[in-house]
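Summary of structural features
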Amino acid sequence: MYLFKKEDMDRSINVNNPSVIKFISDITNTIVSNIAVDHYFSLSKDKKMNILYAVFKIIKTTSETRVRLDDLQFRAFLSALWKRNEESENYEIAAILFDIINNYEAIKEFIKPPVKRRRKEPTKGGKTTNG
């Protein structure tokens, strides 16, 4: 199974590769060790969104330490992560990942860095020139 279409084979990743499987397992372990996912199915929608945001942030920061992914590749990586957890019967993690995939744009908006304001440079002598 590949993360990308056959046309993009130069960018594709074989998710059956042992190193990719280990990477996915490491990310899953990081999620489980940092987030309590035991009762995910019984949480309110607001609390679920908080967990989705936290898990998304963990996956993003953990994956960026080892590999550089563009937006399309990151989405494909989330899908591979979701499928692996479903196959491993980690249903809470799989449900969280599925919800992240479905709410990707909304969650991504929370991650965007704040827009920095540009400081106005003071003019020399405190005077403005009117031409």
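Above this text is the structure in question.
Our subject in this report is the structure included herewith. (Residues numbered from 1 in each chain as written. Predicted model: local features only at pLDDT ≥ 70, side-chain atom pairs only at ≥ 80, totals over all residues. Heavy atoms only, no water.)

Regarding the packing of aromatic side chains
The line we're drawing: Two rings belonging to Phe, Tyr or Trp (six-membered ring only in the last case) form a pair when the distance between their centres is within 6.5 Å. Interplanar angles under 30 degrees mark stacking, angles over 60 mark edge-to-face geometry, and anything in between is tilted. Exposure classes here rest on a 1.4 Å probe applied to the protein chains alone. A residue is buried below 20% of its type maximum, exposed above 50%, and partly exposed in between. Numbering of helices and strands starts at the N terminus; helices are DSSP runs of H or I of at least 4 residues and strands are runs of E of at least 2.
In the structure shown here, the tally under the stated rule is six aromatic pairs. Residues Y40 and F41 carry aromatic rings whose centres are separated by 6.0 Å and whose planes lie at 70° to one another, so their mutual orientation is edge-to-face. With relative accessibility at 1%, the residue Y40 sits in the buried group. For F41, a relative accessible area of 51% translates into the label exposed. Seen in terms of ring centroids, F56 and Y104 are 5.7 Å apart; in terms of plane orientation they differ by 65°. Their pairing is edge-to-face. Placement of the pair is F56 in helix α2 (residues 45-64) and Y104 in helix α5 (residues 104-111), with a sequence separation of 48 residues.

Observations concerning the pattern of salt bridges
Defined as follows: Salt bridge, as used here: a side-chain nitrogen of Lys or Arg that lies within 4 Å of a carboxyl oxygen of Asp or Glu.
The final tally for this structure, using the stated rule, is five salt bridges. Here K22 makes a salt bridge to D26, at a shortest N to O gap of 3.3 Å. Of the two residues, K22 and D26 both sit in helix α1 (residues 18-34), four residues apart, roughly one turn of that helix. Overall, D26 belongs to the partly exposed group, its relative accessible area being 26%. The partner of D71 in a salt bridge is K108, with the nearest N and O atoms 3.3 Å apart. Here K108 lies in helix α5 and D71 lies in helix α3 (residues 71-87), a separation of 37 residues in the sequence. Each of the salt bridges in this network shares a partner with another, and the network as a whole consists of K22, D26 and R66.

Concerning the packing of α2 against helix α4 (residues 91-102)
Our working rule: Axes here mean lines fitted to C-alpha atoms, for a helix over just the part in contact, with angles spanning 0 to 180 degrees between N-to-C directions. Any angle that falls under 35 degrees is termed roughly parallel, while one over 145 is termed roughly antiparallel, one within 65 to 115 roughly perpendicular, and all others oblique. In this analysis, two residues are considered to be in contact whenever any of their non-hydrogen atoms come within 4.5 Å of each other. Three classes are used, and their members are as follows: Ala, Val, Leu, Ile, Met, Phe, Trp, Tyr, Cys and Pro are nonpolar, Asp, Glu, Lys and Arg are charged, and the others, Gly among them, are polar.
Running from N to C, α2 and α4 point in directions that differ by 90°, and their axes come no closer than 10 Å. Looking at the two axes, α2 sits roughly perpendicular to α4. Of the residues in α4, those in contact with I51, L52, V55, F56 and I59 of α2 are I96, L97, D99 and I100. Split into classes, the residues belonging to the contact of α2 with α4 amount to eight nonpolar, no polar and one charged.

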